[in-house]
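Given next are the chains, with one letter for each unit.
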Amino acid sequence: MEAIKLYRIGELAKLANISARTIDFYTSMGLIEPSERSAKNYRLYNDETLLRLERIEKLKKEKYTLDEIKANLEAWGNVTAEEQVSQKLMDLQQHLSQLEREVKELEPVLKQMKPRQANKLYTRLMPQTAACIEALMLLINKGNFM
C-alpha cells in the first residue's frame with residue numbers, strides 16, 4: 001500500500017504556487033484544514049488539500065468571494081461517490097473525444113507514410129501507447145494502425 005504524501009506549509013505553498021501566509025489564512029477561515037500534525041506539532045496537509053487550493057484559486061480568479069468559495073467547497077465536499085464516478089466518466093468521455101480528434105488529425109500523415117516509416121514509428125512507441133492508438137483507431141472504425 002502506498003504511503004500518503006504529507007506536506008508542511010512551505011512545501012504545500014510551493015506546490016500550490018501561493019504563499020505560506022495565504023495557507024495560514026485559508027486554514028484560519030476553515031477553507032482548508034491539516035490532515036494531521038507532526039511529532040514537532042507542524043501542520044501537515046495531504047494531496048486533497050492541494051486540490052482544494054487549486055479549486056480555491058480558480059474560484060478566486062472567477063471573482064467569487066471567500067464566503068462563496070467556502071460554501072462552494074462545502075457543497076463540493078458533499079458530493080456522493082456516485083456523483084464522483086459520474087463526473088469521472090464524463091471527464092473520461094471528453095478526454096476520449098479529444099484523443100479521437102487528435103488521431104483523426106494524424107490519420108492523413110500516417111496514410112502518406114511508407115510501411116517502413118510507419119513500422120519505425122510504431123516500434124518507438126511504448127506498448128501501452130501503441131495499444132491505446134489501436135483501440136482508438138478501432139473505436140473510430142478506421143481499422144488497424146499498422
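Residues numbered from 1 in each chain as written. Predicted model: local features only at pLDDT ≥ 70, side-chain atom pairs only at ≥ 80, totals over all residues. Heavy atoms only, no water.

### Section: the nonpolar core
Phase 1 of the analysis: Grouped together as the largest cluster of nonpolar side chains are 18 residues, with contacts concentrated most on Leu12, Ile23, Tyr26, Leu31, Ile32, Leu53 and Ile56.
Phase 2 of the analysis: When residues of this core are traced back to their parent elements, those giving at least two are helix H1 (9-16), helix H2 (20-29), helix H3 (47-61) and helix H4 (66-77). (Core = buried A, V, L, I, M, F, W, Y, C linked by side-chain atoms within 4.5 Å. Buried < 20%, exposed > 50% of the residue type's maximum accessible area, 1.4 Å probe, protein only. Helix = DSSP H or I, 4+ residues; strand = E, 2+ residues; numbered from the N terminus.)

### Focus: the side chain of threonine 49
Phase 1 of the analysis: Looking at the secondary structure, you find threonine 49 in helix H3.
Phase 2 of the analysis: Discounting residues that sit within four places of it in the chain, threonine 49 has contacts with Leu12, Ile32 and Glu33. (Contact = heavy atoms within 4.5 Å.)

### A word on the packing of aromatic side chains
Phase 1 of the analysis: Evaluation of the coordinates by the stated rule reveals 1 aromatic pair.
Phase 2 of the analysis: Just above the ring of tyrosine 42 sits the side chain of arginine 8; from NZ or CZ to the centre is 4.1 Å. (Phe/Tyr/Trp six-rings, centres within 6.5 Å; stacked < 30°, edge-to-face > 60°. Lys NZ or Arg CZ within 6 Å of the ring centre and 35° of its normal.)

### Some details on the pattern of salt bridges
Phase 1 of the analysis: Overall, the coordinates contain 3 salt bridges when judged by the stated rule.
Phase 2 of the analysis: Where arginine 43 meets aspartate 24, a salt bridge forms, and the shortest distance between an N and an O atom there is 2.5 Å. Linking arginine 43 in strand S2 (residues 43-44) with aspartate 24 in helix H2, this pair joins segments that are 19 residues apart in sequence.
Phase 3 of the analysis: The exposure class of arginine 43 is partly exposed, given its relative accessible area of 21%. (Salt bridge = Lys/Arg side-chain N within 4 Å of Asp/Glu carboxyl O.)

### Focus on the packing of H1 against H3
Phase 1 of the analysis: The interhelical angle for the contact between H1 and H3, taken along N-to-C directions, is 45°, at an axis separation of 10 Å. One finds that H1 runs oblique with respect to H3. Read as a crossing pair, H1 and H3 show a hand that is right-handed. Counting all contacts with H1, which are made through Leu12, Leu15 and Ala16, the residues of H3 involved are Thr49, Leu50 and Leu53.
Phase 2 of the analysis: By residue class, the composition of the contact of H1 with H3 is 5 nonpolar, 1 polar and no charged. (Axes fitted to C-alpha atoms, helices over the stretch in contact; angles between N-to-C directions. Parallel < 35°, antiparallel > 145°, perpendicular 65-115°, else oblique. Left-handed = near helix turned anticlockwise from the far one by under 90°. Nonpolar A, V, L, I, M, F, W, Y, C, P; charged D, E, K, R; others polar.)

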